[in-house]
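Inside the fold
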Amino acid sequence: MDALDLARWQFGVITVYHFLFVPITIGMSVLVAGLQTAWVRTGKEHYLRATKFWGKLFLINFAIGVVTGIVQEFQFGMNWSDYSRFVGDIFGAPLAIEGLLAFFLESTFLGLWIFGWDKLPKKLHLATIWLASLGTILSAYFILAANSWMQHPVGYEINEARGRAELKSIGAVLTNSTTLVTFPHTITACLLTAGAVLVAVSAWHLKRRNQEDVFRPSLKLGAWVVLIAGVGVLITGDLQARVMTEQQPMKMAAAEALYDSSKPASFSIFTLGSLNGDEEVFSVRIPSLLSFMATGSPNGEVEGINNLQKEYEQAYGAGNYKPYVPVTYWSFRLMIGFGGLAMLVAAAALWFTRGGRSPRSRWLWIAGIFSIGAPLIANSFGWIFTEMGRQPWSVFGILKTSDSVSPSVGAGTVATSFIGLTLLYGVLAVIEVGLFVKYAKAGAPEIPPDTGEDAEDRPLAFAY
Amino acid sequence: MELTTVWFALITILWAGYFLLEGFDFGVGILLPFLGRDNRERRLLINTIGPVWDGNEVWLIVAGGATFAAFPEWYATLFSGFYLPLLLILAALIIRGVAFEYRGKRDGEQWKTRWDWSIFVGSLLPAILWGVAFGNIVRGVRLDEHHEYVGSFFNLLNPYSLLGGLTTLVLFTLHGAVFLALKTDGEMRQRANALASRIGIPAVAIAAAFLIWTAIAHFDGVGVALFAVAALALVGALVANRLGREGWAFIATGATLVLAVVGLFVTLFPDVMPSSLDAANSLNVDNASSTPYTLKVMTWVAVFFTPIVLLYQGWTYWVFRKRLTVEKIPV
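Quick caveat, the model's predicted, so the values are computed rather than measured.

Moving on: the confidence of the model for chain B. Residue and element names in this part refer to chain B. Looking at chain B as a whole, the pLDDT averages 95, with 100% of positions reaching at least 70. Ranking the elements of chain B by mean pLDDT puts helix H2 (residues 39-49) last, at 93, and helix H7 (residues 159-183) first, at 97. Prediction confidence for the complex, expressed as pTM and ipTM, is 0.94 and 0.93 respectively.

See below:
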């Protein structure tokens, strides 16, 4: 493997890993803030216990999300210096704004939330978790604006003399149509993920008839969030598919492994074919569905990979403009499939626990527990699809991935970084999952009675 | 003033802020095995920075992002050129951040000891490596005509830069000791104060050697003046510490760090990364910068939001202003 391959592998592994934690952080910050709001408004103790319980799991997850985020910012310069030189005038701005607007907000107010339980007035303390949550959501907006610019560059001009893209309109970059559909898709997916965490952990406790006062409402809350956010994911995903068809038709064609333009185009749920996708052996198809996804009309024409390849050769010169189809084809299906699976489990959870019921079947509960994996897999494949489907470009139509890598960094150096970070991340994953399981199983804490002792004299309520 | 100068100044401020803030929390991490005799004392030390270390670290992330946005060529050359030191810094910051969160989440001597070591190493490495990195930036590195770094990792480990690394190490450690004397009470307060006094003299000697070397090798009138004030502030910090005036001592070590960083950047200006191969290959505020339009946009963002950030971050320090004692740590 050369430096380019290694840098790509590193980016893939490091980023997918980072994004296992990010959606849980974003989604759970909202749910924890919601539970705390319910406690502040009603004064019911089980809301406070739920807030503390889910808050702790949220923090265990957040720790890894935040430290792996620093690598994200650094690796553009480390592994992709030619990319950074080419796009910095545009791409750097949302990253800097993300730091100034979002990361300060998130980290400062989360510190206040963690350590402020006894120090701040109730309502002010509640405001800190909402502000931290706002920080995570703002951060998603700016980083998605940066990524959307790579999918669909807008508001720029190429300066041939400087050999770079230059910003002409920050408004265009921040209101890129790609951003506007990707942001709600991502946020609803984050909420879905967090809802699934609630469902899974609650199912573990309810299977044992443990702390039902806390975990029955949590299960219901989680399941409703999964279902409602899931509908949002579907709607925004549908909008995204149409924007994608218009802006990156090759990605849509690669999602279906559609080699030749079709009208109407069917959608295959499952295909067995040769590995390069040139030949189809067997498939299960839904007629006209791809046409509908891509164009909004059951009879719309969807362009095929081979047709687009010819168009792109004329537009951009000789070269291979096809993404690696087996990856795009399967990642697209796995994203949809596992997202749907999470919704199915949530619907089942609501059905089987309706009206105070509690099913005896242990398999139902086990399905609930393992459903935690479904949105994580769906999120990962969503990003793998989005990024792999853009290849060979790093910035669609103007910069290829092969021209983005750092020219001065050798394969050995990238390999050191890739292997080192992967090992470190692996160890951290084992530790994180261990802690998450430990605290998930421990259940919600009892709230100590107020002894009337002055807060100043008591030990810290929450300390590292 | 030209916008490129404004952004050079803003990035200077971000680094100065980073050294000022994360400087003391690195110091606390480095002092953990020396001042914390048992688990409860080590918890006390960690909790002095508990609510703020993460916000402090964001200064680094924003400095990186601002460099990317305002001087993409600088960002690209610096990060690809200083690859291995930055990788070490990343690994250190990762294990350190996780250690703060996870240390208290399980009982058991071994679990806590491992995270204590993570905090120590995760604070020690960046405290040295940032000084090495800045030493190299001021000294100049091997940049070719495409602004690519063509030196090796070992070229970065030269005597001047290593002295820079030692300087940030002792200054951060001293800054941390003074901070602990300010933030704790009882026996820990006295121990931190005594330790600050002990490392004070070597810190002055090392920092003075580095600043004098810088002043001679890369003379800049304003830079030298700033270094002189920084050195005075450092001596003032030691005096205040002896007199038990912890607030003044902390302000003085903070001023030392800020003035030293500003002095280094002033010395550097208008270059941002001089080339040691050929002055024509150097990166400066003009050939490294973004377009005037991008700089203008970013200036507006900075003008609006920086004061807000300073306000709420300052408020956090106000909320957690109380001294901590070991009695406040749950058994």
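Turning next to the domain arrangement of chain A. Residues and elements named next belong to chain A. Each assigned domain of chain A is listed here: domain 1 (3-248 + 323-442) and domain 2 (252-322). Distance from the C-alpha centre of domain 1 to the C-alpha centre of domain 2: 29 Å. Contact with domain 1, which involves 23 residues of that partner, is made by 23 residues of domain 2. Taking both partners together, domain 1 and domain 2 bury about 2000 Å²; carbon and sulfur atoms supply 64% of that area. Per-residue buried area on domain 1 facing domain 2 is highest for Val325, Tyr329 and Arg333; these three make up 25% of the total on that side. Taken together, the connections running from domain 1 to domain 2 amount to 1 salt bridge. Joining domain 1 to domain 2, the criterion identifies 7 residue pairs in polar contact (both at pLDDT 80 or more).

With that settled, the discussion passes to the side chain of Asn147(A). All names here are of chain A. As for its position among the elements, Asn147 is in helix H4 (residues 122-151). With a relative accessible area of 12%, Asn147 lands in the buried category. Here Gln151 takes part through its side chain, which lies 3.1 Å from a polar atom of the side chain of Asn147. Every residue in contact with Asn147, bar those within four places of it in the chain, is listed here: Phe91, Trp383, Glu387 and Arg390.

Now for the interface of chain A and chain B. Of the residues lining the interface, 78 residues belong to chain A; the matching set on chain B comes to 74 residues. Of the roughly 6700 Å² buried at the junction of chain A and chain B (both faces included), carbon and sulfur atoms supply 71%. The largest contributions to the chain A side of the interface with chain B come from Arg85(A), Phe104(A) and Tyr464(A), which together make up 14% of the buried area. The interface formed by chain A and chain B contains 2 salt bridges. Arg85(A) is paired through a salt bridge with Glu148(B); the nearest N and O atoms lie 3.5 Å apart. Counting across the interface, chain A meets chain B through 21 residue pairs in polar contact (both at pLDDT 80 or more). Among the secondary structure elements, those contributing two or more residues to the side of chain A that touches chain B are helix H2 (45-79), helix H3 (81-115), strand S2 (164-167) and helix H14 (411-442) of chain A. Among the elements that make up the side of chain A that touches chain B, the one with the highest residue count is H3(A) (25 residues). Residue composition of the side of chain A that touches chain B, grouped by class: 44 nonpolar, 19 polar and 15 charged.

The subject of this paragraph is the nonpolar core. Ranked by size, the top nonpolar core spans 223 residues in total, and within it Trp54(A), Trp15(B) and Trp130(B) carry the most contacts. In this structure, Met244(A), Val302(A), Met335(A) and Phe385(A) belong to the second largest nonpolar core, which totals 14 residues.

Right, let's get into the pairing of strand S1 (residues 156-159) of chain A. Residue and element names in this part refer to chain A. Pairing of S1 with S2, which is carried by 4 bridges, proceeds in the antiparallel orientation. Opposite Ile158, over in S2, you have Ala165 as the bridge partner. The hairpin turn running from S1 into S2, its antiparallel successor, is 4 residues long, and Gly163 in that turn takes a positive phi close to 65°.

About the criteria used
- Residues numbered from 1 in each chain as written.
- Chains lettered and ligands numbered in written order.
- Predicted model: local features only at pLDDT ≥ 70, side-chain atom pairs only at ≥ 80, totals over all residues.
- Heavy atoms only, no water.
- pLDDT = per-residue confidence, 0-100.
- Helix = DSSP H or I, 4+ residues; strand = E, 2+ residues; numbered from the N terminus.
- Domains from an automatic or database assignment.
- Contact = heavy atoms within 4.5 Å.
- Buried area = accessible area lost by both parts, 1.4 Å probe.
- Salt bridge = Lys/Arg side-chain N within 4 Å of Asp/Glu carboxyl O.
- Polar contact = N/O pair within 3.5 Å; in protein donor to acceptor, adjacent residues only side chain to side chain.
- Buried < 20%, exposed > 50% of the residue type's maximum accessible area, 1.4 Å probe, protein only.
- Nonpolar A, V, L, I, M, F, W, Y, C, P; charged D, E, K, R; others polar.
- Core = buried A, V, L, I, M, F, W, Y, C linked by side-chain atoms within 4.5 Å.
- Pairing = 2+ DSSP bridges.

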